[in-house]
Amino acid sequence: MKKSILKFVCTLLVIALLGFTLLHGVDLGFAQIPSITNTEDGIRLGLDLVGGSIITYQADIEGEMAPEELSQNMDIVVDMLRQRLDFQGLFEANVYQVGEDQVTVEIPSVSDPEEAVQTLGSTAQLQFLDDDGNVILEGNEVESATAEYQPIDSTGIRYNIVVLQLTDEGAEKFAEATKKAAQSTDGKNHINITMDGQTISAPQVGSQYAETGITGGEVIISGDFTAESAGQLANNIAIGQLPFSLKQVEMRSVGAQLGMDALTSSIHAGVIGVILVMVFMILVYRLPGVVSCIALLLYCILEGLVLVIFRVNLSLPSIAGIILSIGMAVDANVVIFERVKEELRAGKTIKSAIDSGFHRAFAAILDSNITTFIAAVVLYFFGKGTITGFAITLGLGILLSMFTALTITRTLLNSLVGMKITNIKLYGARERSDA
């Protein structure tokens, strides 16, 4: 019994600690979790709630280009800019073509257009040059670029690095160029990575590559990188080569489309909905209802922490996804508790009824959540802008609600049984009457 009480109390203390972290934030030394109310370092609000910046680019085309080719290249530009925004976690940003040769980018929560341009990154062509200005590689000869944190020598010390994977043709060119650079005796041993004619990185080639150059198609760029600077460089390289340069023709900041009043109203609606659901669960299912309320509270806290830690952009559709997943979390508890009541009416003990109820309800809960999760995945990969944000919060909510409904609820119910609370009326069932 003491062990059950301790388990129950420890669970409540953990929930309280997580709740405090969500509301006030915490500095762990190696990492910092901001408060949910901190919109600068935590949750980022969408363009519909707080406004942001709008930038319009125009294709800088040399010579003439057929309409069909221009249309295809503009599609490439839109996709590449979309990838850059997604890499920065700006899923709520919008990218769309305007007219025949312009593209507009809307970035939420960034009120300074110049800062928005820096967030988006360069919009020109990527090239690798030697110190004499000769082109070694074009951007389309880089298959991938990722920022990693790992050892690069026998010391085992981890560093922030950028790892490139080259195409076969690119690997051959790069091996020859780095071999020449490593043999240089006049300091021309750099590989200059440029965008829009500006050097964004100029790593040196070590003399150990004088015989063969850097071969194998994998290139490691090391140096005095932070996690952020390594990620930014990898992002600029990974996007590859735009079909033509883009020039800015308009930059402006915009106000919120719906405003903070809409956010406040949505939050109030969500809180009222959660309270009404909790009241319903307690009235219908008694003690299990109280347990489900605790699990639901933990779900809300975990959802908030994930949104803060990963700086998810929150718009009204994203909030809708959160509220929808709250309903699904309660739905799982309803299925479980009904199964438990059936087992109690069949004459089983509280302990066996809980175990059997969870076992019988698991398949139905899993199937319903998997089908909804599949829909969220499809929306994520094929949706754009705010639809992607809705898919993220819905999918995240499904995973967290499964955890709280199947793990936390069961743990707390079993703790109550271990505390000798075995009156079946407290579990929403009636005493059997033998005629």
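The structure this text deals with has already been given above.
Keep in mind that what you see is a predicted model, and the values were worked out from it rather than measured.

Draft legend 1. Looking closely at the pairing of strand β4 (residues 52-60). Where burial is concerned, most of β4 is hidden: 7 out of the 9 residues are buried. Taken together, the 7 bridges between β4 and strand β6 (residues 102-108) define a ladder with antiparallel strand orientation. Bridge assignment links Gly52 to a residue of β6, and that residue is Pro108. Summarising the sheet, β4 and strand β14 (residues 245-254) pair through 9 bridges and their orientation is antiparallel. What sits directly across from Tyr57, in β14, is Gln248.

Draft legend 2. Main features of the pattern of salt bridges. The full count for this structure, using the stated rule, is 10 salt bridges. Linking Lys188 and Asp132 is a salt bridge whose minimum nitrogen-to-oxygen distance equals 2.7 Å. Of this pair, Lys188 sits in the loop between α5 (168-182) and β11 (192-195) while Asp132 sits in the loop between β7 (126-129) and β8 (135-138), placing them 56 residues apart in sequence. Residue classification places Lys188 among the partly exposed positions, given a relative accessible area of 38%.

Draft legend 3. Summary view of empty space enclosed by the protein. Applying the stated rule across the entire model yields 1 cavity of 30 Å³ or more. The volume enclosed by the largest cavity comes to roughly 30 Å³. Mapped onto the lining of the largest cavity, the elements with two or more residues apiece are α8 (287-309), α9 (316-345) and α11 (386-418). At 4 residues, α8 tops the list of elements feeding residues into the lining of the largest cavity. A per-class count over the lining of the largest cavity returns 5 nonpolar, 3 polar and no charged.

Draft legend 4. Just the sheet that holds strand β9 (residues 142-151), in detail. The 3 strands lie next to each other as β9-β10-β13, forming an open sheet whose pairing is antiparallel. A single partner strand is all that each edge strand has here, and the edge strands are β9 and β13 (218-221). Geometrically, the sheet is characterised by an average inter-axis angle of 25° between neighbouring strands, direction not taken into account. Taken together, the 4 bridges between strand β10 (residues 158-166) and β13 define a ladder with antiparallel strand orientation. The residue of β13 that forms the bridge with Val162 is Ile221. Packing against the sheet, helix α6 (residues 227-238) makes contact with β9, β10 and β13, and its axis sits at approximately 165° to β9.

Draft legend 5. View of the nonpolar core. In terms of nonpolar packing, the biggest core is built from 57 residues, with Leu296, Ile336, Leu344 and Leu413 touching the most fellow members. For this core, the elements supplying multiple residues, two or more each, are α1 (2-24), α7 (260-285), α8, α9, α10 (350-382) and α11. Apart from residues no more than four positions distant in its own chain, Leu413 is found in contact with Pro288, Val291, Phe337, Ile354, Phe358 and Tyr427. Core analysis: the second largest hydrophobic core is formed by 27 residues, Val142, Ile191, Ile214 and Ile237 among them.

Cut-offs and rules
Residues numbered from 1 in each chain as written. Predicted model: local features only at pLDDT ≥ 70, side-chain atom pairs only at ≥ 80, totals over all residues. Heavy atoms only, no water. Buried < 20%, exposed > 50% of the residue type's maximum accessible area, 1.4 Å probe, protein only. Helix = DSSP H or I, 4+ residues; strand = E, 2+ residues; numbered from the N terminus. Pairing = 2+ DSSP bridges. Salt bridge = Lys/Arg side-chain N within 4 Å of Asp/Glu carboxyl O. 1 Å grid on protein atoms, 1.4 Å probe; cavity = no way out; pocket = protein on both sides within 12 Å on 5 of 7 lines; lining within 4 Å. Points joined across faces, edges and corners; volume = space filled by probe spheres on them. Nonpolar A, V, L, I, M, F, W, Y, C, P; charged D, E, K, R; others polar. Axes fitted to C-alpha atoms, helices over the stretch in contact; angles between N-to-C directions. Contact = heavy atoms within 4.5 Å. Core = buried A, V, L, I, M, F, W, Y, C linked by side-chain atoms within 4.5 Å.

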